[in-house]
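Here's the letter readout for the chains.
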Amino acid sequence: MSTVNGNRGGPLQGVRVVEMGKVWAGPETGKHFAFLGAEVIRIESLGSLDFTRNTSRTGDLDKAPGFQSVNPQKLSAQIDTKTAKGVELVLDLLRHSDIFVENLRPGAMDRMGLGYEAVKAVNPGIVYISMGMYGSDGPLAYQTGYAPCFNAVGGLSALVGYEGRPPTGINIRYADSTYGTAAAYGGMVALLHRRRTGVGQYVDVAACETMTSMIADTVMDYTLNGGAHGCDGNRHAEMAPHGAYPCRGGDWVSIAVSSDAAWGALAAAMGRVELAGDPRFKSLSDRKANEAELDRLVS
């Protein structure tokens, strides 16, 4: 266990995390550790500042909204890791740390002299979290990608779009936050393992595999039953009606009916109480079987 100054509280109080993260996914992992009470030290260099610092409209790099959103409660150190002295400083810091997080380009940490074997040599108990699009090994491990790539290769983008139309993809960085959270979970499991056994861990997290796990039900349906899922708008397998519906004046309302009782209440609110007992819509399976007509009536 490292020696950490200050009483932050939380389940990770006393844990020191060193983070060499870029943009969102890696910093998201560090953010979770910070919120759980760990001391998180972010390593940067003035010669290679994070892209998210460029979102400042005032020119104050420390107050850029994009940077602040994923780096709250962290400490920061400016170290030039392109120099031998800089690498030596980072290794000395890692010697007294518990977790190391990196999501740089594939191979960058080894070329820098901060790969797992180098860090393990100075701290055998380190939990080393490595984050890459395809993980650290395999035929595609050399590839670099960002959130839209993770979503597409992981299978999510193929499911996002309106029925009968091509996929539209996901226009937010859902993948980065999900991937970063999964990496934090993996690090927590490894830290628990170290506390029980005294043995550190190399945690290899692949972004694309993480995203595929978010649609595990779809993947298993295809694997076991041959069911091929496609775009279905805002529909939900366990709710009907479920979607965004037009209102007077050009507005829209989001409606999600999760039970037969809720459907009865919606029918009453619509002034169409008889629809609750309509055999086409009485149960969830009935409503799913007649969902096009159901959506038309709600609209």
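Check the entry above for the structure.
Residues numbered from 1 in each chain as written. Predicted model: local features only at pLDDT ≥ 70, side-chain atom pairs only at ≥ 80, totals over all residues. Heavy atoms only, no water.

1. Examining the overall build of the protein
Looking only at helices and strands, one finds 12 helices and eight strands in the protein. Its C-alpha atoms give the protein principal-axis dimensions of about 75 × 50 × 35 Å. For the protein, the proportion of its 299 residues judged to be buried stands at 41%. Pairs at least 24 residues apart make up 65% of the contacts formed inside the protein by residues separated by at least 6 positions. Of the roughly 16,000 Å² that the protein leaves accessible, carbon and sulfur atoms contribute 55%. The positive charge centre, built from 28 side chains, and the negative charge centre, built from 31, are 4 Å apart in the protein. (Helix = DSSP H or I, 4+ residues; strand = E, 2+ residues; numbered from the N terminus. Buried < 20%, exposed > 50% of the residue type's maximum accessible area, 1.4 Å probe, protein only. Contact = heavy atoms within 4.5 Å. Areas by Shrake-Rupley, 256 points an atom, 1.4 Å probe, with all protein chains shown as cover. Lys, Arg positive; Asp, Glu negative; His and termini not counted. Charge placed at Lys NZ, Arg CZ, Asp CG, Glu CD.)

2. A word on the environment of Val 90
Within the secondary structure, Val 90 is located in helix α3 (residues 84-94). Residue Val 90 is classed as buried on the basis of its relative accessible area of 0%. Taking the C-alpha atoms as reference points, Val 90 and Asp 80, separated by 10 residues in sequence, lie 9.5 Å from one another. In this view, Val 90 contacts Ile 43, Ile 79, Thr 81 and Leu 114; residues no more than four positions away in its chain are not counted.

3. Focus: the nonpolar core
Counting 30 residues, the largest nonpolar core has Val 17, Phe 33, Ile 99, Ile 129 and Met 131 as the members making the most contacts within it. Those elements giving two or more residues to this core turn out to be α1 (25-35), β4 (99-102), β5 (127-132), α6 (147-154), α7 (174-197), β6 (201-206) and α8 (207-213). Considering every element that reaches this core, the biggest residue donor is α7, with six residues. Sequence-distant contacts of Phe 33, that is, excluding residues within four places in its chain, are made with Leu 12, Val 17, Ala 38, Val 40, Ile 99, Val 101, Ile 129, Ala 184, Gly 187 and Met 188. (Core = buried A, V, L, I, M, F, W, Y, C linked by side-chain atoms within 4.5 Å.)

4. Notes on unusual backbone geometry
What is expected of a backbone is that most residues other than glycine have negative phi and most peptide bonds are trans. Following Ala 240, the chain continues to Pro 241 via a peptide bond in cis, the omega torsion being 0°. One non-glycine residue, Val 23, adopts positive backbone phi at about 60°. One can find Val 23 in the loop between β1 (16-20) and α1. Exposure remark for Val 23: the relative accessible area of 18% places this residue in the buried category. For Gln 73, which is not glycine, the phi dihedral falls at a positive 65°. Take Gln 73: it is sitting in the loop between α2 (65-70) and β3 (75-78).

5. With respect to the environment of Gly 250
Following the sequence through the fold, Gly 250 ends up in the loop between β7 (242-246) and β8 (252-256). Residues Gly 250 and Ser 299, spaced 49 residues apart in sequence, show a C-alpha to C-alpha distance of 12 Å.

6. Things to note about the pattern of salt bridges
A complete count under the given rule lists 15 salt bridges for this structure. As a salt-bridge pair, Glu 19 and Lys 74 come within 2.7 Å of each other at their nearest N and O atoms. Of this pair, Glu 19 sits in strand β1 while Lys 74 sits in the loop between α2 and β3, placing them 55 residues apart in sequence. Here Glu 19 and Lys 74 have matching classes, each one buried. In this structure, Arg 235 and Glu 291 form a salt bridge, with 3.8 Å as the shortest nitrogen-oxygen distance. Of this pair, Arg 235 sits in the loop between α9 (216-225) and β7 while Glu 291 sits in helix α12 (residues 291-298), placing them 56 residues apart in sequence. We classify Arg 235 as partly exposed; its relative accessible area is 26%. Overall, the relative accessible area of 4% leaves Glu 291 in the buried class. (Salt bridge = Lys/Arg side-chain N within 4 Å of Asp/Glu carboxyl O.)

7. Considerations on the side chain of Arg 16
In this fold, Arg 16 is placed in strand β1. A relative accessible area of 11% places Arg 16 in the buried class. Here His 96 takes part through its backbone oxygen, which lies 3.0 Å from a polar atom of the side chain of Arg 16. (Polar contact = N/O pair within 3.5 Å; in protein donor to acceptor, adjacent residues only side chain to side chain.)

8. Points about the packing of aromatic side chains
For the structure on display, the rule yields six aromatic pairs. Considering the side-chain rings of Phe 100 and Tyr 128, the 5.1 Å spacing of their centres and the 80° angle between planes classify their relative orientation as edge-to-face. In this pair, Phe 100 sits in strand β4 while Tyr 128 sits in strand β5, placing the two residues 28 residues apart along the sequence. Arranged with centres 5.6 Å apart and planes meeting at 80°, the rings of Tyr 116 and Tyr 128 form a pair that is edge-to-face. Here the residue Tyr 116 occupies a position in helix α5 (residues 116-122), and Tyr 128 occupies one in strand β5, the gap between them amounting to 12 residues. (Phe/Tyr/Trp six-rings, centres within 6.5 Å; stacked < 30°, edge-to-face > 60°.)

9. Focus on helix α10 (residues 260-269)
Every buried residue belonging to α10 is among Trp 263, Leu 266 and Ala 267, and all of these are buried. Buried residues of α10, viewed axially, fall in a sector of 100°; they line one side. Seen from the open side of α10, the exposed residues pointing more than 90 degrees away from its buried face are Ala 261 and Ala 269. Taken together, the buried residues of α10 touch β8, α11 (284-289) and α12. (Arc of directions from axis to C-beta.)

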